[in-house]
Amino acid sequence: MSKSLPYSMKDVHYDNAKFRQRSCLKLITQSVLTSKKHDCTSCSTGKFLVLLMISGLVYLMLTHASSSNSVGRIAKDMGTEAGDHLITNGSSSFARFWRKPPRLPPRLSPDEMGSNNSSRHEAENLNVASKWRARQQGVRNAFIHAWSGYKSYAMGHDELMPLSQRGVDGLGGLGATVVDALDTAMIMGIDEIVSEAGSWIEKHLPERINEKGQVNLFETTIRVLGGLLSAYHLSGGQQGKNLAHKGPEPVVYLENARNLADRLLTAFTSSPTAIPFSDVILRDNTAHPAPDGLSSTSEVSTLQLEFNYLSSLTGDPKYSTESMKVLEHLKTIPKVEGLVPIYISPNNGEFSGENIRLGSRGDSYYEYLLKVWLQRRENNLTYLHDMYEEAMKGVRHLLVRKSSPNGLIFVGELPYGPNGAFSPKMDHLVCFLSGTLALGATKGITKEVAMKANLLTFEDLEHLKLAEELAKTCFEMYSVTSTGLAPEIAYFNVEGNSEGAADGGNKSSKYVHDIVIKHADRHNLLRPETVESLFVLYRITEDPKYREWGWEIFKAFEKYTKVGSGGYTSLDDVTVLPPRRRDKMETFFLGETLKYLYLLFGDKTVIALDEFVFNTEAHPFPIIKGSSGME
């Protein structure tokens, strides 16, 4: 016999309150009528409770209606925005009492969210790009100001003395600033200056080359010969960049370069060894050694980029052949873990003394080992890269130290050779090394691309790490001073050996006790080596901090070295305010410092590091393809 079901058919028609709202009246009706077995209206107590509940609901409804009318009257009497607010709130209070759950706002699809994020990133990128364009324009304006001072007071002289408002010839009288600054003006697109400098070269430089007296082989090669060759390419010569829209025909630059180089070659051909003499008499076409009979190692080994490129352009191998003999000879003589003394004799071809450093007279030897190899990679000059790699191992083993108390990485010196005492002295010139290490690691492409292509060796990564550490140290050499500009030379306190307490003047610097600046070394010559490395590191790592560091340095130049009448001046002491000024604007401020800052703040594709190689005076030459004119 079947049992009756535990529910009646009436319960099938239920409302599920979890999913659907029910009116108050329906709720009461269903509560009263759905059950016979437990019908609460069948007892007096139940009837009383139902009536009580209904009365309460009626009371609430009447109370809210009255409240709304009262609020309306008060608001009408007030006649203010506050009254309107009361009406709104009062009339809606009962509605809020029975309000439905709020609707959720519509959600964006993943595609729509991605589109919004993309738009936001694009806006941020535009803002960043705009900021750096403005800062780059600031550098361009600084170059125009520097040139205006030179043009007004020193046109045709080697350098400007901005405080005295006159020119001086300390580099042989070839108008070095004109030639050194020319390709910077081309890169910046300043047609008026390109025209002025180019016209001067066309009218006056041939006569200067033919009639002037003694010039230094190294300085003339890197500044004047290098500047002419770069200007030739950037003005469109031999399918070059053609960045110049004014000035003479490109061949004018090449003809002057060849005339000058023919005379400079005498330094090579007059020497009894592969090591050239240091000085040339242009008008006599003769050469002689320095008074002490020695040449700087860096000077004799920092000529090859320029002479190689000239041979490539002219098809005449003599320029490359003579200059490359130097590196071929240096390959054969003994070194200290790849490191070399800073002097060499052209009379016997041997190193002189034991002083090893990467500062003055040593620096660009190491730079050109790498760059000449990069310039002519298709010519199987692997011995140069091997020499470079060996030298960098020697630097890391013998010269790299850490300062105390805060651990800045720096490169010191061995003034008495590997068996003598280590000196914690570092020239500002050494700051070139950071950029060279980074360039050697990736060969000019970005680190990201090199990593994805699995092109970096363990040694490359070590070089990149050291490059970044040295760049920080070089920047702190600026930050530690009162002016925010670096001294010519710094010493570093190391554990167990303090160099003294002569600091840079900025007491808030974390490294004020690490870096020591002696009185004789406190001058600043507007040098480019730190901003050069910041430029290279930014191009390779794409880390924006290098741009920000460069901007801090540029602001300090603007604040303390700018001369109102035109030009910029070197400083005598960067540790005091106001700084004492020296009366000179070096050619490399226009040729290098401002050029590297401009490129640092600009488009990364302009003068790409895997297409060009910069000489030690920041003149870019295209990487040579093939071996035409080089053998």
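Residues numbered from 1 in each chain as written. Predicted model: local features only at pLDDT ≥ 70, side-chain atom pairs only at ≥ 80, totals over all residues. Heavy atoms only, no water.

J.: Where do I start with the packing of aromatic side chains in this structure?
T.: The geometry of an aromatic ring pair is captured by the separation of the ring centres together with the interplanar angle, meaning the angle of the planes. Taken as a whole, this structure holds 17 aromatic pairs when the rule is applied. With a centroid separation of 5.9 Å and 65° between ring planes, the pair formed by Trp551 and Phe601 is classed as edge-to-face. Pair noted here: Trp551 is in helix H19 (residues 545–560) and Phe601 is in the loop between helix H20 (587–600) and strand E14 (612–614), with a separation of 50 residues, a long-range link. The exposure class of Phe601 is buried, given its relative accessible area of 1%. (Phe/Tyr/Trp six-rings, centres within 6.5 Å; stacked < 30°, edge-to-face > 60°. Helix = DSSP H or I, 4+ residues; strand = E, 2+ residues; numbered from the N terminus. Buried < 20%, exposed > 50% of the residue type's maximum accessible area, 1.4 Å probe, protein only.)

J.: Help me out: how do you make sense of the sheet that holds strand E6 (residues 295–296) in this one?
T.: Across a sheet, strands are paired by hydrogen bonds formed along the backbone, either parallel or antiparallel in direction. Read across the sheet, three strands follow the order E6-E7-E8 without closing on themselves; strand pairing throughout is antiparallel. At either end of the open sheet lies a strand with only one pairing partner, and these are E6 and strand E8 (351–352). Two elements, strand E7 (residues 343–344) and E8, share two bridges in a ladder whose sense is antiparallel. Counted as the bridge partner of Tyr343 is Ser352 from E8. (Pairing = 2+ DSSP bridges.)

J.: Could you clarify how one ought to interpret the sheet that holds strand E5 (residues 286–288) in this entry?
T.: Read from one edge of the open sheet, three strands run E3-E4-E5, paired in antiparallel fashion. Bordering the open sheet on either side are strand E3 (214–216) and E5, each of which pairs with just one other strand. Mean inter-strand twist for the sheet, computed between neighbouring axes without regard to direction, equals 30°. Two elements, strand E4 (residues 279–281) and E5, share three bridges in a ladder whose sense is antiparallel. Within the sheet, the bridge partner assigned to Asp279 lies in E5 and is His288. Running at roughly 75° to E3, helix H7 (residues 217–234) makes contact with E3 and E4 of the sheet. (Axes fitted to C-alpha atoms, helices over the stretch in contact; angles between N-to-C directions. Contact = heavy atoms within 4.5 Å.)

J.: What's the story with the UniProt feature "binding site: Ca(2+)" (unreviewed entry) in the chain in this structure? I'm lost.
T.: When the UniProt feature table is mapped onto this chain, "binding site: Ca(2+)" (unreviewed entry) is found at Thr616. Here Thr616 is to be found in the loop between E14 and strand E15 (620–622). Setting aside residues up to four positions removed in sequence, Thr616 forms contacts with Phe218, Ile222, Thr302, Ser364, Glu367, Tyr368 and Glu592. Separated by 2.9 Å, the side chains of Thr616 and Glu367 make a polar contact. (UniProt positions renumbered as here; feature names shortened; annotations may be inferred. Polar contact = N/O pair within 3.5 Å; in protein donor to acceptor, adjacent residues only side chain to side chain.)

J.: Sorry, what's going on with unusual backbone geometry here?
T.: The step from Ser404 to Pro405 runs through a cis peptide bond, and the omega angle for that step is 10°. Residue placement: Pro405 occurs in the loop between strand E9 (400–402) and strand E10 (409–411). The omega angle of the peptide bond from Leu577 to Pro578 is -10°, so this bond is cis rather than trans. Mapped onto the secondary structure, Pro578 falls in the loop between H19 and H20. Unlike most non-glycine residues, Asn454 shows phi in positive territory, near 55°.

J.: What is the right way to look at the side chain of Arg527 in this model?
T.: The residue Arg527 is located in the loop between strand E13 (515–516) and helix H18 (529–541) in this model. A distance of 3.0 Å separates a polar atom in the side chain of Arg527 from a polar atom in the side chain of Glu488. Setting aside residues no more than four positions away along its own chain, Arg527 makes contact with His428, Leu429, Tyr478, Glu488, Phe557, Phe588 and Thr593.

J.: Hey, could you run me through the pairing of strand E12 (residues 489–492) in this one?
T.: Consecutive side chains along a regular strand alternate between the two faces of the sheet. Alternating positions in E12 separate into two faces, Ile489 and Tyr491 on one and Ala490 and Phe492 on the other, with burial throughout. Pairing of strand E11 (residues 425–427) with E12, which is carried by three bridges, proceeds in the antiparallel orientation. Following the sheet pairing, Met426 is matched in E12 by Ala490.

J.: Explanation requested: the UniProt feature "active site" (unreviewed entry) in the chain in the structure shown.
T.: Following the UniProt record, the feature "active site" (unreviewed entry) maps to Glu219, Asp363, Glu488 and Glu529 here. Structurally, Glu219 is set in helix H7. On the accessibility criterion, Glu219 (21% relative accessible area) is partly exposed. Sequence-distant contacts of Glu219, defined by excluding residues within four places in its chain, comprise Leu171 and Val224. In this fold, Asp363 is placed in helix H13 (residues 363–375).

J.: Got a minute to help me understand the environment of Pro250 in this structure?
T.: Tracing the chain through its elements places Pro250 in helix H8 (residues 250–264). Linking Pro250 and Leu228, residues 22 residues apart in sequence, is a C-alpha distance of 9.5 Å. Contact partners of Pro250, with chain neighbours within four places excluded, come to Tyr232, Ser235, Gly236 and Gly237.

J.: Even after reading the chapter, I still don't get H20, so can you show me in this structure?
T.: Because the α-helix completes a turn every 3.6 residues, residues three or four places apart line up on one side. Over its 14 residues, H20 runs 20 Å from end to end, which matches the ideal 20 Å to within 8%, given 1.5 Å per residue. Of all the bends found along H20, the most pronounced is centred on Leu594 and spans about 25°. (Expected span 1.5 Å × (residues − 1). Bend = angle between axes of the 7 residues up to and from the residue.)

J.: Is there a simple way to think about the pattern of salt bridges in this case?
T.: Side chains that differ in charge, positive against negative, can pair when their charged atoms come close. Taken as a whole and assessed by the stated rule, the structure comprises 26 salt bridges. Here Glu219 ties to Arg223 by a salt bridge, and the two come within 2.9 Å at their closest N and O atoms. With Glu219 and Arg223 both in helix H7 and four residues apart, the pair spans about one turn of that helix. In this structure, Lys472 and Glu476 form a salt bridge, with 3.2 Å as the shortest nitrogen-oxygen distance. On the criterion of helical spacing, the pair formed by Lys472 and Glu476 is a turn pair, its members being four residues apart in helix H17 (residues 458–479). What makes Lys472 partly exposed here is its relative accessible area of 30%. For Glu476, a relative accessible area of 10% puts it in the buried group. (Salt bridge = Lys/Arg side-chain N within 4 Å of Asp/Glu carboxyl O.)

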